[in-house]
Amino acid sequence: MNRAFQISQDALSQVVDNLRQHYTVTNLQHLKYDINYLDSFDWSVFKKGQTLTRVTTDNRTELQLSRLSDESPYVRMADPGAFNFVHELPECTLRQCIRCNNKRALIPQLRMKCDVRQWNILNKNEKTIARLSLRSCNILKGKSRSSVSTIERLYVMPVKGYEKKTLRIASILMQDDSIHTEETSLLESALAAVGRSTNEYSSNIKLDLQADMHAELALKAILSSLLQIMEMNEDGIIREIDTEFLHDFRIAVRRTRSIIGSIKNVFDTEAIMRFKTDFAWLGSITGPARDLDVHLLDFRHYCDMLPENLCDDIKPLRDLMVEERRSAYEALIKAIKSQRYRKLKNDWRAFLHQSDSKSKAENPDLTIRNIANISIWRTYKHALKKGSQLDAKASPEAFHDERKACKKLRYLLEFFRPLYPKKELRNLIRALEDIQDQLGQFQDLEVQEHVFHRFADQLMERDDVQSGTLLAMGVLIERLRQERLSVMAEFSEHFAAFSADNNRRLFKRIFKPAKGEAG
Amino acid sequence: MKTVACYNIKGGVGKTATAVNLAYLAAQAGIRTLVWDLDPQAAASYYFRVKAKVKKGSRGLIQGKRTLDDAIKGTDFELLDLVPADFSYRNMDLLLEDWKKPERKIHKLLKPLADDYDLVILDCPPSISLFTENVFYTADYLLVPTIPTTLSLRTLQQLLKFYKKEDLDESAILPFFSMVDLRKSLHKIIIQNPPKVLPQFLQTHIPYASEIEQMGIQRAPLSEYASASRAGKAYHDLWSEIYPLLHNCPG
């Protein structure tokens, strides 16, 4: 593993001279290159323990994949060309080795201009046993060439088979007072130097909620985080970087709606009513674009559902979806740039930051734990009741209602996670996840059937539609229906597991409000 | 991971020079390359300044007491590593005989390294034996440096005959002319009219050149000290000719 040290240019010659008393140190290379760190918006490459960089010298560009633990490239690829997603790279070892969220685009996250001096450290046989590398990296501002900060770092890089020598070399270096071991990676240090971090974005809310916090303050903190998530995703939606920006935006809107819809007796009812309407509008303008994203991401699956000879016939369907997606995104982007949206955000922010809280004055003892218990218990009972009424003959609307109830319950469990025992909550969320998967599948299949019917009608109106396309869509709709019926038939089995006695007891023990607490 | 073996039944034809120079050029092109010096004479290890010693020797490797990864040494060049030779490799045949499917043992030893290297170059000892059968089974391509003389062509024919007999894929054999001295009329004649019964020769000829012999003094690949020489350019050409065959290598 590479060993990294903090060092200043001034101390370098002394350090190298010290080392020369023990080894031959040859002044081998002076390299200059630009590094562009590529990662997804949520830093998924970094979070999987890797860094991906586009390294450019005067005459060569290559992609380098490194392990975070040693910051040395272990797979490279020359002249990668332009690409946004991992699957757009040519088939190669590097492509196979990258670990990240494949739905996310890899975007330039940080640029540095590096000046590297590298020495080889030789043994008595003049064999290289390690390398010493001083990297002086200027962090560049945006797309410009101007530097905002500089980091200097000295590395001792082992040569395979001679790792023990690295320890000895490191200990010689450490004898010099001017250098210190560095544990933070170059990327993290560079981000910190410009006030950023790899934790700058997460679609999950991470708040340190305390059980005795006043309910209104705690809920406003959660809602402020959700507003921040929405705002952080706006640019990615407008620039259509990848589909996850809209996905995360939409989830933040849904979660917001879920709180303002299901939490009672905390917020001023009149004030909140207006926001309910506005967030419902946001939900409705994001729906069509997201649905089309999902259909297009799943398109391969639709082909797989058809006999091989019909697969090409649904290509016009894909073209139609791409066309509709274009219009849906245009409408969505227009809405995000609209005065109405800006005003909604400003008013919402003002509401969340309001200090003269009515509920705090009227009910100073209303803790977040009280409210969490009440709302989770109520939503759980509702989901249980609705779910027990479902069987293979139930209407799609009834399944839809149960799906919404379970989703609300899931959001509440996630918001208030810090207030409850970790392990027990994890088990309950896992049980809920299973039934949600089932309900989600049902909903997707039902929507797809409707959407494909609508697309078939639209295609019929065109002069150039082939009979093969309509035939393939007919087959597809029938397969989707069959799959939906089988999901419906299996539902009761999954519901039985969710509503089993052990889960009921656990829900009751953790969440059932004490007498007098119920709101 | 692709495996290329530098092989000839005959010795002194330029196998090691080919292995070392091509490995260097591959690494320079960004390809993670491993050379396995299988020849107990240890010339490749010498060129890379690595001690010709593998702990527990070939017995340790074959019996699984040590993995091949344990034996790897980095060279002076980035992306280029070496499994050094060991004098015990001379007994490899005897050790292999004790194993089921002995002809697959080398392949099995290399398999765990598939994620770490894009290209493995085997520098083989001259001979035809159970050990070299392993090489035939393992290698995607067999680079056969061939001096344009009657005896060298005869050994190439022997190799071909063996491939036919064992039902191996003859298209894996890639012969090329090596140590070519165009002042010699025999060399000239053979190069101009290679025997049609033999596999298609690669286009590149490696000349007989003192710069190649200098590798022993410089203890480095040719491109490190005489890249622009005739021989240096010839190895570049040879690399360009075989590079398209190595599909899954990056670059």
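Every value quoted in this text rests on a predicted model; they were computed, and no experiment measured them.

1. Some thoughts on helix α1 (residues 15–28) of chain B
Right, on to step 1. For α1 of chain B, which comprises 14 residues, the first-to-last C-alpha distance of 20 Å matches the rise-based estimate of 20 Å (1.5 Å per residue) to within 8%.
Right, on to step 2. Counting buried residues along α1 of chain B, 13 of its 14 residues qualify, which places the element largely inside the surrounding structure.

2. Regarding the domain arrangement of chain A
Right, on to step 1. According to the domain assignment, chain A consists of domain 1 (3–192), domain 2 (208–366) and domain 3 (368–513).
Right, on to step 2. Each of domain 1 of chain A and domain 3 of chain A has a C-alpha centre, and the two are 48 Å apart.

3. Regarding the nonpolar core
Right, on to step 1. L219, L282, W348, F416, F452, F498 and F511 of chain A are the most contacted members of the largest nonpolar core, which totals 108 residues.
Right, on to step 2. Here the element with the most residues in this core is helix α15 (residues 422–460) of chain A; it accounts for 14 residues.
Right, on to step 3. Each residue touching L219 of chain A, except ones within four places of it in the same chain, is listed here: I259, I263, V266, F267, I368, I371 and F416 of chain A.
Right, on to step 4. With 65 residues, the next largest nonpolar core counts I172 of chain A together with A44, Y47 and F77 of chain B among its residues.

4. A closer look at the interface of chain A and chain B
Right, on to step 1. Of the residues lining the interface, 18 residues belong to chain A; the matching set on chain B comes to 22 residues.
Right, on to step 2. In this assembly, chain A packs against chain B so that about 1700 Å² is buried in total across both faces, 42% of it on carbon and sulfur atoms.
Right, on to step 3. Interface area lost by chain A to chain B is led by R76, K127 and K160 of chain A, which between them contribute 35%.
Right, on to step 4. Linking chain A with chain B are four salt bridges.
Right, on to step 5. The salt bridge partner of R76 of chain A is E78 of chain B, with a shortest N-O separation of 3.8 Å.
Right, on to step 6. Here chain A is connected to chain B by 10 residue pairs in polar contact (both at pLDDT 80 or more).
Right, on to step 7. Those elements giving two or more residues to the side of chain A that touches chain B turn out to be β5 (73–78), β6 (107–122) and β7 (128–140) of chain A.
Right, on to step 8. Split into classes, the residues belonging to the side of chain A that touches chain B amount to six nonpolar, six polar and six charged.

5. A look at a negative patch on the surface
Residue and element names in this part refer to chain B.
Right, on to step 1. Taken together, the side chains of E166, D167, D169 and E170 present a region of like negative charge at the surface.
Right, on to step 2. For E166, the position within the fold is in the loop between α8 (150–165) and β7 (173–180).
Right, on to step 3. On the basis of relative accessible area, E166 is assigned to the partly exposed category, the value being 36%.

6. Some details on the sheet that holds strand β4 (residues 61–67) of chain A
Residues and elements named next belong to chain A.
Right, on to step 1. In space, the nine strands of this open sheet follow the order β5-β4-β3-β2-β6-β7-β8-β1-β9, with antiparallel pairing throughout. Here the strands that pair on one side only, and so sit at the sheet edges, are β5 and β9 (180–181).
Right, on to step 2. Taken together, the seven bridges between strand β3 (residues 50–56) and β4 define a ladder with antiparallel strand orientation. Residue pairing for β4: T56 is matched across the bridge by T61.
Right, on to step 3. Those strands touched by helix α1 (residues 9–20) are β2 (24–39), β6, β7 and β8 (147–158), and its axis lies near 35° from that of β6.
Right, on to step 4. Running at roughly 165° to β8, helix α5 (residues 186–193) makes contact with β2, β3, β6, β7 and β8 of the sheet.

The rules behind the values
- Residues numbered from 1 in each chain as written.
- Chains lettered and ligands numbered in written order.
- Predicted model: local features only at pLDDT ≥ 70, side-chain atom pairs only at ≥ 80, totals over all residues.
- Heavy atoms only, no water.
- Helix = DSSP H or I, 4+ residues; strand = E, 2+ residues; numbered from the N terminus.
- Expected span 1.5 Å × (residues − 1).
- Buried < 20%, exposed > 50% of the residue type's maximum accessible area, 1.4 Å probe, protein only.
- Domains from an automatic or database assignment.
- Core = buried A, V, L, I, M, F, W, Y, C linked by side-chain atoms within 4.5 Å.
- Contact = heavy atoms within 4.5 Å.
- Buried area = accessible area lost by both parts, 1.4 Å probe.
- Salt bridge = Lys/Arg side-chain N within 4 Å of Asp/Glu carboxyl O.
- Polar contact = N/O pair within 3.5 Å; in protein donor to acceptor, adjacent residues only side chain to side chain.
- Nonpolar A, V, L, I, M, F, W, Y, C, P; charged D, E, K, R; others polar.
- Patch = residues over 30% accessible without salt bridge, like charges linked within 9 Å, V, L, I, M, F, W, Y side chains within 5 Å.
- Areas by Shrake-Rupley, 256 points an atom, 1.4 Å probe, with all protein chains shown as cover.
- Lys, Arg positive; Asp, Glu negative; His and termini not counted.
- Charge placed at Lys NZ, Arg CZ, Asp CG, Glu CD.
- Pairing = 2+ DSSP bridges.
- Axes fitted to C-alpha atoms, helices over the stretch in contact; angles between N-to-C directions.

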